[in-house]
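Coordinates in review
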Amino acid sequence: MTITEDLQKLLDILPQDLKQKLEDHSNRDNLVEVILDLGRRPEARFPDQAEYLSETPVTQLQIDDCIQRVGTFGGDNRAGIEQTLHRISAIRNRNGKVIGLTCRVGRAVFGTIGMIRDLVETGRSILMLGRPGVGKTTALREIARVLADELNKRVVIIDTSNEIAGDGDVAHPAIGRSRRMQVAKPELQHQVMIEAVENHMPEVIVIDEIGTELEALAARTIAERGVQLVGTAHGNQIENLIKNPTLSDLVGGIQAVTLGDDEARRRGSQKTVLERKAPPTFEIAVEMLERKRWVVHESVADVVDTLLRGRQPNPQTRTVNEQGKVSITRQLSVVNGRGHGLGDESDSLPAMKQANGWRASGQMVALPPITADLGGSGQSEFDRLLDESFRYENGVDFRNRRSSGPNGEDLPLHIYPYGVSRHQLEQVIGVLTLPVVLTKDLDSADAILALRSHVKNHAKLRQIAKARHIPIHMIKSSTIPQISRGLRRLLNIDEPEIGDEKELQLFLHNGSDDEMDALEEARLAVEQIVIPKGQPVELLPRSPQVRKMQHELVEHYRLKSNSFGEEPNRRLRIYPA
């Protein structure tokens, strides 16, 4: 890792006594910023501490002297030193006079994006999140250089405060062959973003600090034109953006949807729920927790959908050691509630792309659900729904539950079915080759798979499960799609693609000719008319048993179907999503 900082140029603008003290300081290479406030002692800040540089308060004459040595302050009260990455920010009084300065050290750090280089090379849009000072702009600068110099792409940087490519008309060498467009006023940033696409034909747009609704809209416009976006936004986590009405469009936007009675019952939810409004502007999100520890969400759309359904995603956590070796772990989903179990996924970056299938450690984490305070008097209906979405309602709340079952919960997983068809369970396990063993002995079970209606009316089962620390996982009905999804959640296996051939085998397993004909009719109707053309379809009349199988097949495609007509002409109607 190589660091270029031009620290001496920043020290040269400071008063002579402060400059001399910092030049002789033992920790000068780690200096973060120097604070000069009128009437207060000057302060030097380092990553883990701050110290005063003098016992004499800063005077207005010293502040004015520093201002004369730097560039002009723009509309965002920031200035720079030509050909450097340092940033000087001003604090003004009510009359507009500068009475305080924050002199921040800008460093060009080469080699910082080793943790996410594989993501940068995919060509997908990446959003960087993190608290101030964690290194978002430094990473952005390095990404721009790699894309331009090593991947030979046409990169344009929208540099509102001259923080990415430095002050002055000539861009800093740290951005490589990337081109830089400066912004006259911060409020015009969104216009310059669009101008860059229309006038300069970029393949990549790099933008720092997306903070307004107009900028979020401009980012969506750019992404829809097929240009790769790399940017940063205010917020530590994706949850912050979901709850931020100004920036929520970056992750697809959130809208309240009112469900019909049947659909609400099918989902087991309230009638008004929150759903993602559109595809996200950024396909990948990186939460920069620390300089050498980042959390990667490889699919923002899936993460937002998962959070709005009250479940916790399982992102990657990437760290890098002193030797530059990248380690990747994956945060494991829990059986009930939201947990933070981490399992090793790989030791080095090239081996990262493994299946998201079985848990790496073989351990199941069972933690109580996170609850939210929904009763705030000043809370809007939309906010209440948003809080409700971040709760997990399908589990039983077992306080003080151990983090592993009596058998250590190693695979194969021993499941005790309650109210669920054993025949259908065996069928799903056999066709999908899942590492699951059904048991009639509750003492040897790692988890209970039960019908929701049965658990609600069986207090004794809940008491026994609580006493023996066995998590209960509930499904709404004993159907093949519900059983398949329930087992996949228990085993932390990704949901299959719609129309997955192995999943479709479940419905054709040991079926008669009539049943197979009916299921094939439903499958072709869904795949050739309902999904591609968005039109409802009516099927041929069938017996009640066969119609039940058709309903289950339609549910597998996440679609809705109804039976109508009188026997023997009763038939299915399938509706588009």
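Considerations on the overall build of the chain
Of the regular secondary structure elements, the chain holds 18 helices and 27 strands. A buried classification covers 50% of the 577 residues belonging to the chain. When contacts within the chain are restricted to residue pairs at least 6 apart in sequence, those whose partners lie at least 24 apart make up 62%. Looking at the chain as shown, the accessible area adds up to about 26,900 Å², and 47% of this sits on carbon and sulfur atoms.

Remarks on the packing of helix H6 (residues 189–200) against helix H7 (residues 213–224)
Running from N to C, H6 and H7 point in directions that differ by 10°, and their axes come no closer than 8 Å. In this view, H6 runs roughly parallel relative to H7, as classed from their interaxial angle. Here H6 and H7 pass one another in a crossing that is left-handed. Across the interface between the two elements, Gln189, His190, Met193, Ile194 and Val197 of H6 pack against Leu214, Glu215, Ala218, Ala219, Thr221 and Ile222 of H7.

Here's the deal with H7
The terminal C-alpha atoms of H7 lie 17 Å apart, and with 12 residues this matches the ideal 16 Å at 1.5 Å per residue to within 8%. Every buried residue of H7 is listed here: Glu215, Ala216, Ala218, Ala219, Arg220 and Ile222. Its buried side turned inward, H7 meets H6, strand E12 (204–210) and strand E13 (228–233). Count one or two residues on from H7 and you reach Gly226, which has phi positive near 85°.

Examining the pairing of strand E16 (residues 284–290)
Burial runs high along E16: five of the seven residues are buried. Across four bridges, strand E9 (residues 126–129) lies against E16 in parallel orientation. From the neighbouring strand, Leu129 faces E16, where its bridge partner is Glu287. One ladder, built from five bridges, connects E16 with strand E17 (residues 293–297); its direction is antiparallel. Following the sheet pairing, Glu290 is matched in E17 by Arg293. Turn length for the E16-E17 hairpin, with the two strands adjacent in sequence and antiparallel, is two residues.

Remarks on the nonpolar core
Within soluble globular proteins, side chains that are nonpolar generally end up buried alongside one another. Judged by nonpolar contacts, the single largest core of 37 residues is most densely connected at Ile158, Ile205, Ile222, Ile238, Ile242, Leu250 and Val304. Within the residue set of this core, elements represented by two or more residues are E9, strand E10 (155–159), H6, E12, H7, E13, helix H8 (238–242) and helix H10 (300–308). Residues in contact with Leu250, not counting those within four places in the same chain, are Ile210, Ala216, Ala219, Ala233, Pro280, Thr281 and Phe282. Met115, Leu147, Ile284 and Val286 belong to the second largest nonpolar core, which has 30 residues in total.

With respect to the pattern of salt bridges
Inspection of every chain in the model, using the stated rule, returns 28 salt bridges. For Arg145, the salt bridge goes to Glu142, with nearest N and O atoms at 2.8 Å. Highlighted residues: Arg145 and Glu142, both in helix H5 (residues 136–150), separated by three residues, approximately one helical turn. Each member of the pair, Arg145 as well as Glu142, is classed as buried. Of the charged contacts, one joins Arg145 and Glu150 as a salt bridge, the two residues approaching to 3.5 Å between their closest N and O atoms.

Concerning the sheet that holds strand E26 (residues 560–564)
If you walk across this open sheet you meet the three strands as E25-E27-E26, and the pairing is antiparallel. Edge positions in the sheet fall to strand E25 (537–538) and E26, since each of these pairs with one other strand and no more. Here two bridges tie E25 to strand E27 (residues 571–575), and the two strands are oriented antiparallel to one another. What sits directly across from Val537, in E27, is Ile574.

Remarks on the packing of helix H12 (residues 422–432) against helix H15 (residues 480–491)
Where H12 meets H15, the closest approach of the two axes is 10 Å, and the angle between their N-to-C directions is 60°. One element, H12, and the other, H15, form an angle in the oblique class. In this structure, H12 meets H15 at a crossing whose hand is right-handed. On H15, the residues that touch Gln424, Leu425, Gln427, Val428, Ile429 and Leu432 of H12 are Ile480, Ile483, Ser484, Leu487 and Arg488. Residues that form the contact of H12 with H15 fall into these classes: seven nonpolar, three polar and one charged.

Quick notes on the sheet that holds strand E23 (residues 447–451)
Taken in spatial order, the four strands line up as E22-E21-E23-E24 in an open sheet, and their pairing is parallel. Where the open sheet ends on each side, the last strands, each with one partner, are strand E22 (436–438) and strand E24 (472–475). When the angles between neighbouring strand axes are averaged without regard to direction, this sheet yields 30°. Alignment of strand E21 (residues 413–418) against E23, held across four bridges, turns out to be parallel. Paired with Tyr416 across the bridge in E23 is Ile448. Sheet strands touched by H15: E21, E22, E23 and E24. Its angle to E24, the strand with the most contacts, is close to 150°.

Details of the side chain of Asp167
Relative to the assigned elements, Asp167 resides in the loop between E10 and strand E11 (179–182). In this structure, Asp167 is buried with no salt-bridge partner, the nearest side chain bearing the opposite charge being Arg180 at 6.6 Å.

Concerning the pairing of E10
Burial analysis of E10 places five of its five residues in the buried class, the great majority of the element. As paired elements, E10 and E12 share four bridges and run parallel to each other. Residue Val155 lies in a different strand from E12, and its bridge partner there is Val204. Note that E10 and E11 share four bridges and pair parallel. Residue pairing for E11: Asp159 is matched across the bridge by Gln182.

Conventions and cut-offs
Residues numbered from 1 in each chain as written. Predicted model: local features only at pLDDT ≥ 70, side-chain atom pairs only at ≥ 80, totals over all residues. Heavy atoms only, no water. Helix = DSSP H or I, 4+ residues; strand = E, 2+ residues; numbered from the N terminus. Buried < 20%, exposed > 50% of the residue type's maximum accessible area, 1.4 Å probe, protein only. Contact = heavy atoms within 4.5 Å. Areas by Shrake-Rupley, 256 points an atom, 1.4 Å probe, with all protein chains shown as cover. Axes fitted to C-alpha atoms, helices over the stretch in contact; angles between N-to-C directions. Parallel < 35°, antiparallel > 145°, perpendicular 65-115°, else oblique. Left-handed = near helix turned anticlockwise from the far one by under 90°. Expected span 1.5 Å × (residues − 1). Pairing = 2+ DSSP bridges. Core = buried A, V, L, I, M, F, W, Y, C linked by side-chain atoms within 4.5 Å. Salt bridge = Lys/Arg side-chain N within 4 Å of Asp/Glu carboxyl O. Nonpolar A, V, L, I, M, F, W, Y, C, P; charged D, E, K, R; others polar. Lys, Arg positive; Asp, Glu negative; His and termini not counted.

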